[in-house]
Amino acid sequence: MKKYQLGEFEEVVMLTVGILYDEAYGVSIKKEIESRLKRGVSVGALQTALRRLEDKGYLKSREGEATEERAGRPKKYFIITAYGKKAMEYTRITREELWSAIPKVALDVKMT
Amino acid sequence: MKNYPPRFPLRFFRWFCHPKLRDSIEGDLMELYEERRIKSGKLKADAHFVKDVLLLFRPAIIKPTEGTERLNTFGMYKSYFKIGWRNLAKNKGYSLINIGGLALGMGMALVIGLWVFDELSFNKYHENYSRIAQVMKGGSFEGKHYVGQTSLPFPLIDELKNNYGANFKHIVPASWKSDAVLSIQDKKISKVGMFIGEDAPEMLTFKMIYGTWKALTDMNSIMISESTSEALFGDSDPLNQIVKINGEREATIMGVYEDFPKNTAFHGVQFFRPWEFLVSDGAWMKQQGWDNHFLEIFAEIQPHATFESTTANIINAEATAIKDLAYMKDELKYNYEILLLPMHDWHLRADFKEGVLQSGPMQLVWFIGSIGVFVLLLACINFMNLSTARSEKRAKEVGIRKAIGSIRRQLIGQFLSESFLVAVFAFVIAIACVFVSLPWFNNLSGKEMNMPLTEPWFWISSFIFLFITGLLAGSYPALYLSSFKPVSVLKGVFRAGRSASLPRKILVVVQFTVSVMLIICTGVIYNQLVFVKNRPVGYDRDGLLMIPKKSGDFNTKAETLKAELKNSGAVTEVAESGGEVTNVWSHNSGFSKNGVVVDKDRGLATLQVSHDFGKTVGWKFVEGRDFSKDIASDSEGFVINEAAVKFMDLTNPSGQVIHWKNGPWQVDKDFVILGVIKDMVMDSPFEPVKPTIYFTMGWKGWLMLRVTPGMPMQEALPKIEKVFNNVIPDIPFDYKFASTEYAAKFSTEDRIGKLAAVFAILAIIISCLGLFGLASFVAEQRTKEIGVRKILGASVANLWQMLSKEFVILVVLSCIIAAPLSYYILYNGIKQYEYKTEMGWWIFAYATVGALVITLLTVSYQSVRAALANPVNSLRSE
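Criteria and thresholds
Residues numbered from 1 in each chain as written. Chains lettered and ligands numbered in written order. Predicted model: local features only at pLDDT ≥ 70, side-chain atom pairs only at ≥ 80, totals over all residues. Helix = DSSP H or I, 4+ residues; strand = E, 2+ residues; numbered from the N terminus. Buried ≥ 20, exposed ≤ 12 C-beta atoms within 10 Å, placed from the backbone. Contact = placed C-beta atoms within 7 Å. Nonpolar A, V, L, I, M, F, W, Y, C, P; charged D, E, K, R; others polar. Pairing = 2+ DSSP bridges. Axes fitted to C-alpha atoms, helices over the stretch in contact; angles between N-to-C directions. Parallel < 35°, antiparallel > 145°, perpendicular 65-115°, else oblique. Left-handed = near helix turned anticlockwise from the far one by under 90°. Expected span 1.5 Å × (residues − 1). Bend = angle between axes of the 7 residues up to and from the residue. Core = buried A, V, L, I, M, F, W, Y, C linked by C-beta atoms within 7 Å. pLDDT = per-residue confidence, 0-100.

S.K.: Quick question: what am I supposed to make of the overall build of chain A here?
M.R.: For chain A, the helix and strand inventory stands at five helices and two strands. Ordered by position from N to C terminus, the α and β elements of chain A give α-α-α-β-β-α-α. For chain A, the proportion of its 112 residues judged to be buried stands at 27%. Counting contacts in chain A only where the partners sit at least 6 residues apart, residues at least 24 apart contribute 47% of the total.

Written out as structure tokens, the structure is:
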């Protein structure tokens, strides 16, 4: 199987784009992450991640409508591509494999 | 606009952000700003905004430094070259003519460039090139100022060294070059060498293979060239070996130097011996005063001095030294000057006619150089011609490009890039051609030129050359084609009018003018050569051998040698003389008649000969008789030539008495003129024969052999060689043919003639290529017209005439321009030869007719083909 590169923040962004489905653009993604994960996200970091994901082909974008509060600038909406979906699944499966490979004892010890 | 974020960060963001991302991110920033402003006030929102912008300043967001537009122009250029290439491939014939013609022109310009470079770099082999000079003498004679006498008196060496030494780093006396036999054990070879001061290797920066620059300090040493060393010792180190010189003296090899290349003054000098040896060996030298000139002096000036300042310091060296000398009292009136001839003038400006510094060779270099530029210009003109002629075909393209939005500058760029493409192709072909033909050209021009392929300057100058050619060839078509109005060309009403073909016609005329001029020049030069070659020489030079006497044996065994030679059957006559028949070596003065000086203070050429000299060389008497062995008083007799009779204003010369008083010759007595011979051409055949006196006294260094008439040389030579090897075994048999030596006098003129011929042929080829292309284009353009004319009853001859007429008129016009121009140039060029031919009108006629024939042949191929074509084919389409 081919290797899918997906960093932690990138994974979060992908997941968020998935949650927002048709409404995923810069500001909405930022807000969603901030409210769900309780962590601050800078525009720079987010845009960099989006750009990288788009370059990798996990996301694709389309120009949206321009509104007044955006001073006439169009929104850029993102949706997950099929390839991006595969990458997310791959990440998830590998995580789960890792989880299942941990012996119970190890976790038990940690719990106590 | 109250709600606007701070302006500066926003502008900064817009500046650095990648254009593709700019709008959407800016929108996000605005949205966030607006929200924050409402929630927490403008100040906080501003601060946040600044923070966001700063955090956006990261590689993924910043636009690439090389910009995003550059990519577009690259594509544009790519398309230019692609279109250019397709155009070339589409019209293979035109492209071939275009590239071929340009390549030919470039190749020639390249070769000429190399030649000019070689000429200008003469002597630059020596590292101290810019500071070396030859000492020469000047003075005033009969109110005229003369310079350029390089043969100098012995006391001048010490005078310069002792009293003016501070002006020089080195002062190096030298003898003239002369032949000598070098031998080790049984190996012997004859080589040219000279005696030279011990500082010479350092001053002239010899490249030493073995030994050091100090090799000449020991009086009995010798330095030999690498090639000599190889001939004598093979690859082994010859240092400290002993060689015998002329079978008599011994010398120790103290140094081996790399042979001097062909473009140096010391090329061909195969060994150097110390000056000190010559001085100590010949005690007579030290006794010579200021009145005997027999040596050369070379010098290197001080590092920071100039030739002018140094000359100013030494100019009166001789005048001061001879002021109080009794025997020089008579010569004070000549105001002798000691001058310096800088090394950079030795080759190209050291041509002394009448003692005045000339720049003849330099002019030749510039002349040839300008021919090169001219030929290149011709090739460029061709290119322009063809490109503009094809303009109608490209007019639609230009129209569409302009309609789509090309601006004129871009179109100029496109056509220029096409011409650069052609120029690059042509250059590659030219380099290859030059590479292949260089050995042949070297042979023709007597040079040793190489393509300096490893030198960066060569490539840099080639690149500049390429750039200029591309620009030159492409500028006119680019400007012309890009000036079309899209509306008119696309509507189809575009027709290149009369004014469009005018520059094309002018270009053809210029081209043919140059070609015809070259043809005429070649013709005249050849004519002059043939004329001079057919000049009567006054003696029989075929089968005449000249042999230098290289050792004393030639004199002690003279009688044996003579008898043996005659016995061998290969030789009918043997004589001796003071020099070769093909050169005048000595001039003397002091001749007077009835107390009146007859040599007009200039001296006459003299040659000491033996009694049988006349019989041997075959001179012809106008009156009087030859020297006779049986009449003892003939040792006080003269034989003179016709020129001398005229020079001395003699009537009935035979039997007249001439008094000769001369210091170096130690004579002061009367001579009787025995006879007058027809002029013998001994010096340059291009000049009038020098007034010459022949007499029997004096030292004779040469043997003249008349080979038995009718006997083939290859049969006679071995017999003669055998005799020499038997009688004088120490010296290798070495000889010169009078005929070869005489022919060598034409080498420069021969060379110029051949070069001019080559240039003329190439220029004609280039011009014809251009004409051919143009004619084929015109024929093609008028295909329909020809079809209609044929249907209406025009004959093939009619059409041929119609199509050729235009070109013939142009060529006739250029002949009319070329004739007076070349007459003017040639008149000045040929004036320098005293013995010259008339420039017959027939040369001009031949050149004109030749040019016309070539034109007709070139044009006819196209016009006949067009005229023969079936009109159905040309009229069917439409």
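Past the structure itself, the notes keep going.
S.K.: What's the story with unusual backbone geometry in this structure? I'm lost.
M.R.: Trans peptide bonds make up most of the peptide bonds, and negative phi angles are found at most residues other than glycine. Residue and element names in this part refer to chain A. Phi at Y21 is positive, roughly 50°, even though this residue is not glycine. Tracing the chain through its elements places Y21 in the loop between helix 1 (8-20) and helix 2 (26-37). Since 9 C-beta atoms lie within 10 Å of it, Y21 is described here as exposed.

S.K.: Explain the interface of chain B and chain A to me, please; I cannot follow it from the model alone.
M.R.: Interfaces are often described in size by the accessible area the parts lose on coming together. Each side of the interface is counted separately: chain B has 18 residues, and chain A has 17 residues. Residues belonging to the side of chain B that touches chain A are distributed by class as follows: nine nonpolar, two polar and seven charged.

S.K.: What is the right way to look at the environment of I112 of chain B in this model?
M.R.: Residue and element names in this part refer to chain B. Along the polypeptide, I112 turns up in helix 4 (residues 92-120). According to the C-beta neighbour criterion, I112 is buried, with 23 such atoms within 10 Å. Setting aside chain neighbours within four positions, we find I112 in contact with I368, G369, I371 and G372.

S.K.: Help me out: how do you make sense of the sheet that holds strand 17 (residues 571-577) of chain B in this one?
M.R.: Adjacent strands of a sheet pair through backbone hydrogen bonds, lying either parallel or antiparallel. Residues and elements named next belong to chain B. The four strands are arranged 17-27-16-28 in an open sheet whose pairing can be described as antiparallel. Of all strands in the sheet, those bounded by a partner on one side alone are strand 17 and strand 28 (736-737). Bridge count between strand 16 (residues 544-548) and strand 28: two bridges; the pairing is antiparallel. By the bridge assignment, M546 is partnered in strand 28 with K736. Set on the sheet, helix 20 (residues 558-568) makes contact with strand 17 and strand 27 (702-707); between it and strand 17 the angle comes to about 155°.

S.K.: Whenever I open this one, the packing of helix 4 of chain B against helix 15 (residues 408-445) of chain B confuses me. Can you help?
M.R.: Think of two packed helices as two axes; the pair is described by the angle between the axes and how far apart they sit. Residue and element names in this part refer to chain B. Contact geometry of helix 4 with helix 15 gives a least axis separation of 7 Å together with a crossing angle of 45°. Classified by the angle between their axes, helix 4 and helix 15 sit oblique to one another. The handedness of the crossing between helix 4 and helix 15 comes out as right-handed. Seen from helix 4, the contacting residues are N98, I99, L102, A103, M106, G107, L110, V111 and W115; seen from helix 15, they are V422, A423, F425, A426, F427, I429, A430, C433, V434, F441 and S445. A per-class count over the contact of helix 4 with helix 15 returns 17 nonpolar, three polar and no charged.

S.K.: Please explain helix 15 of chain B as it appears in this structure.
M.R.: Owing to its 3.6 residues per turn, the α-helix brings residues three or four apart onto one side. Residues and elements named next belong to chain B. Between its terminal C-alpha atoms helix 15 stretches only 48 Å, short of the 56 Å expected from 38 residues at 1.5 Å a residue. If you look at helix 15, its biggest bend is around 50°, right at S437, and the proline P439 turns up within four residues after that. Phi for G446, located one or two positions after helix 15, is positive at around 65°.

S.K.: I'm lost on the pairing of strand 21 (residues 604-608) of chain B in this one. Help?
M.R.: Walk down a regular strand and you will see the side chains alternate between the two sheet faces. Residue and element names in this part refer to chain B. Of all five residues in strand 21, five are buried; the element is thus mostly enclosed. Alternating positions in strand 21 separate into two faces, L604, T606 and Q608 on one and A605 and L607 on the other, with burial throughout. Looking at chain direction, strand 18 (residues 586-588) and strand 21 are connected through three bridges and run antiparallel. Counted as the bridge partner of H587 is A605 from strand 21. Strand direction decides the pairing type here: strand 21 and strand 26 (residues 692-695), joined by four bridges, are parallel. Bridge pairing in strand 26 links A605 to T692.

S.K.: For this particular structure, what's the right way to read the packing of helix 2 of chain A against helix 3 (residues 43-56) of chain A?
M.R.: Residues and elements named next belong to chain A. For the pair helix 2 and helix 3, the least separation of the axes is 11 Å and the interaxial angle reads 110°. Regarding the angle of helix 2 to helix 3, the classification is roughly perpendicular. Classified by chirality, the crossing of helix 3 by helix 2 is right-handed. Along the contact surface, helix 2 presents G26, I29 and K30, while helix 3 presents V43, L46 and Q47. Split into classes, the residues belonging to the contact of helix 2 with helix 3 amount to three nonpolar, two polar and one charged.

S.K.: What is the right way to read the nonpolar core from this model?
M.R.: Across soluble globular proteins, nonpolar side chains have a tendency to be buried as a group. Residues and elements named next belong to chain B. Judged by nonpolar contacts, the single largest core of 106 residues is most densely connected at V172, M223, I297, A299, F638 and L705. Filtering out sequence-adjacent residues up to four positions away, A299 remains in contact with A133, V135, F168, H170, I171 and V172. Ranked by size, the runner-up nonpolar core spans 88 residues in total, among them A103, I371, M384 and I519.

S.K.: What exactly am I supposed to notice about the confidence of the model for chain A here?
M.R.: For any part of a model where pLDDT is low, the fine detail of the predicted coordinates should not be relied upon. The share of residues in chain A with pLDDT of 70 or more is 95%, and the mean pLDDT across the chain is 85. The element-level mean pLDDT for chain A is lowest in helix 5 (residues 104-111) of chain A, coming to 67, with helix 1 of chain A highest at 91.

S.K.: Help me understand the environment of E26 of chain B, please; the structure alone is not making it clear to me.
M.R.: Summarising the element assignment, E26 of chain B is placed in helix 2 (residues 19-56). Taking the C-alpha atoms as reference, E26 of chain B lies 9.7 Å from V53 of chain B; in sequence the two are 27 residues apart.

S.K.: How do you make sense of the confidence of the model for chain B when you look at a structure like this?
M.R.: Counting all residues, the mean pLDDT for chain B is 83, and 95% of those residues have values of 70 or more. Both confidence scores are given for the complex: pTM 0.66, ipTM 0.83.

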